[in-house]
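# Survey of secondary and tertiary structure
For reference, the chains in residue letters:
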Amino acid sequence: MNTSVIETSSTGTSALEAARLVLARDIRLALRKRGQLVQPLAFFAIVTTLFPLGISPELSRLRDVAPGVLWVAALLSSLLALEFLFRDDAQDGTLEQHVLSGQSLTWLLFAKTVAHWLLTGLPLAVMAPLAGLSLGVPAAALSGIVVSVAIGSVALSLIGSIGAALTLGVKRSGALLSLLTLPLSMPVLIFGARATELAIKGAGFAPPLYLLGALAVLGITLAPLAAAAAVRISLE
Amino acid sequence: MAWTWFHRLGSPPYIYGLAARLTPWFAWLAAVLIIGGLYGGLVLAPPDYQQGDDFRIIYVHAPSAWMSLMVYSTMAISAGVGLIWRIKIAHAVAASCAPIGASFTFAALVTGSLWGERMWGTYWEWDPRLTSELILLFLYLGYMGLRSAMDDMQRADRASAVLAVVGIVNVPIIHYSVLWWNSLHQAPSVMQLAKPTMPPSMLIPLLMMLFGFTVLFVALLLVRLRAEILNRERAASWIREAVTQ
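Let me sum up the structure you'll find in this document. Numbering of residues begins from 1 in every chain and follows the order in which that chain's sequence is written. Each chain is given a letter, starting from A, and each ligand a number, starting from 1, according to the order in which they appear as written. This being a predicted model, a pLDDT of at least 70 is required before a residue's local features are given, and a value of 80 or more before pairs of side-chain atoms are given or counted; all residues contribute to the totals for chains, interfaces and linings.

## Describing the overall build of chain A
Strands are runs of DSSP state E lasting at least two residues, helices are runs of H or I lasting at least four, and both sets are numbered from the N terminus onward. Helix and strand content of chain A: nine helices and zero strands. Its helices and strands in sequence order give chain A the pattern α-α-α-α-α-α-α-α-α, from N to C terminus. What the globule rule says is 2.2 Å times the number of residues to the power 0.38, and the radius of gyration is computed from C-alpha atoms. Since a compact globule built from 236 residues should have a radius of gyration of about 18 Å, the 18 Å found for chain A is in line with a globular shape. Referenced to the eigenvectors of the C-alpha coordinate spread, the extents of chain A come out at roughly 60 × 35 × 30 Å.

## Quick word on the overall build of chain B
For chain B, the helix and strand inventory stands at eight helices and zero strands. Overall, the C-alpha framework of chain B stretches about 60 × 40 × 30 Å when taken along its three principal axes. Residues classed as buried in chain B amount to 40% of the 245 residues present. When contacts within chain B are restricted to residue pairs at least 6 apart in sequence, those whose partners lie at least 24 apart make up 79%. Put simply, a residue is buried when 20 or more other C-beta atoms lie within 10 Å of its own C-beta and exposed when 12 or fewer do; between those, it is partly exposed, and each C-beta is set from the backbone. Here, residue contact means that the backbone-derived C-beta atoms of the two residues sit within 7 Å.

## Some remarks on the environment of Ser177(B)
Looking at where Ser177(B) falls in the secondary structure, it is placed in helix α6 (residues 153-185). Placed 45 residues apart in sequence, Ser177(B) and Ser132(B) show a C-alpha to C-alpha distance of 9.3 Å. Among residues more than four places away in sequence, those in contact with Ser177(B) are Pro187(A), Ile190(A) and Phe191(A).

## Describing the nonpolar core
Leu212(A), Ala230(A) and Val162(B) are the most contacted members of the largest nonpolar core, which has 141 residues in total. Not counting residues within four places of it along the chain, the set of residues in contact with Val162(B) comprises Leu166(A), Ala226(A), Ala229(A), Ala230(A), Ile233(A) and Leu83(B). A set of buried residues qualifies as a nonpolar core if it consists of Ala, Val, Leu, Ile, Met, Phe, Trp, Tyr and Cys joined through C-beta atoms within 7 Å.

## Quick notes on helix α6 (residues 105-134) of chain A
Residues and elements named next belong to chain A. Helices are assigned an expected span. That span is 1.5 Å times one less than the residue count. The end-to-end C-alpha distance of α6 is 42 Å, a good match for the 44 Å that 30 residues give at a rise of 1.5 Å each. To get the bend at a residue, fit one axis to the 7 residues ending there and another to the 7 starting there, then take the angle between the axes. At Trp117, α6 shows its strongest bend, of approximately 35°. With 22 of its 30 residues buried, α6 lies for the most part within the structure. The positive-phi residue at the C-terminal boundary of α6 is Gly136, with phi of around 85°.

## Considering the interface of chain B and chain A
Much of the literature gives interface size as the accessible area that the parts lose upon coming together. The partner chain A presents 20 residues to the 21 residues of chain B that form the contact. Elements with a minimum of two residues in the side of chain B that touches chain A: α5 (128-149) and α6 of chain B. In terms of residue count, α6(B) provides more of the side of chain B that touches chain A than any other element does, 12 residues in total. Per-class residue counts for the side of chain B that touches chain A are 15 nonpolar, four polar and two charged. Under the scheme applied, nonpolar residues are Ala, Val, Leu, Ile, Met, Phe, Trp, Tyr, Cys and Pro; charged residues are Asp, Glu, Lys and Arg; polar residues are all the others, including Gly.

## Concerning the environment of Ala128(A)
Residues and elements named next belong to chain A. Tracing the backbone through its elements, the reader meets Ala128 in helix α6. Classification of Ala128 as buried rests on a count of 26 C-beta atoms within 10 Å. Placed 85 residues apart in sequence, Ala128 and Gly213 show a C-alpha to C-alpha distance of 18 Å. Once residues within four sequence positions are removed from consideration, Ala128 is found in contact with Leu70, Ala74, Ile145, Val146 and Val149.

## Describing unusual backbone geometry
Of note in this structure, Arg172(A) is not a glycine but carries a positive phi near 45°. With respect to the secondary-structure elements, Arg172(A) resides in the loop between α7 (142-166) and α8 (174-201). For Arg172(A), a count of 8 C-beta atoms within 10 Å corresponds to the exposed category. The phi torsion at Arg86(B) lies on the positive side, around 55°, for a residue other than glycine. Residue position: Arg86(B) is located in the loop between α3 (58-85) and α4 (88-119). In this structure Arg86(B) comes out as partly exposed when scored by C-beta crowding, with 13 C-beta atoms within 10 Å.

Spelled out as structure tokens, the structure:
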């Protein structure tokens, strides 16, 4: 499968154009089901509420665990959101049409993952400061949290796309999906929580952010290829 | 032609017979090496000047930890070979590797935690190597979970192969991120003190154990591989002949 930009199918649509169409379609469809979009965000808010209840209401103690709480909640909520990535399209046959379309499946899946990130990862990055404030994070650290969650969730969406593609044909795949995805996501958690921690301390948080960016770039380069292979296998 | 031996490696009946013939050799070699290594390590080697007799758990711990990674690489490489060249036997090898590798990983974790109890005073310390080992165990469990979730053997083979290849790309990333994570959170642990070069009386048994565990893995793999082939080829006519012989 050739993945170059200039490749054209028999219909004359370039791979990039097809990817753009898929991106627009996914966003339009998702915006028509807003309730589904809110669920992972509500889940994120609930999980971050559980920690003060479970640990202590003192903001000084919560501030110490805030990076871990925020990132574990973000990880779980992105895991929950993965269910929406391919499931509906696999059920109504759209994904099969993507495979048969003659377009590069890698590009199409990359577009779907980008749409998924815009609809779940980006809102999460916008929500994270609110959760951070409730955990006693100083206002000066909030921009660092937004940036790190925004970049980290790119990597999470891409890693997750592989797991979601592999479990397409599996019934009740939730537990299996977490078993596949979470171990691979641990570097994102480590660097993301570290960047958040440094931001809260008021230190420079650029180094872990660069590593987070490197993970995202590596994900952009390789994950769509693996996801495309996995979707082909799942739809065989 | 020179390549016929290579093509025969893809044939289940040939591999089934070959595995049966090779198993005793590897099993006996493993037994000799492991018994010799254990005798050398537990009886002949002198006690460590810092850790006393406690260090002797290294003769099980280090080979298990070494095997946990080596089996994962074997699994991922054979899964990749199966995925690319569609060789059924390669998938069977990968499937047979997973439970063995998970067991070695588990053994490394248990012995590491027992050692930690003596050295650090706690059964679990978030030591980077132990943590990476734990994540590796999760990777094995995910691989086996994905396989068992799929009824169709061919799909299970190929889907789990993608996972194994993705996993092997991630293993170094996970390892170094955990190292980096820990170096920022924890002062250097006692483990580094135990690093001075070993005298030969300690090193030779350790090398024997490392080699013995590797050979043991091959023996176990051959046994599992035969079971895997029997299961996969149960509809084939050669199985009846092979089993009733």
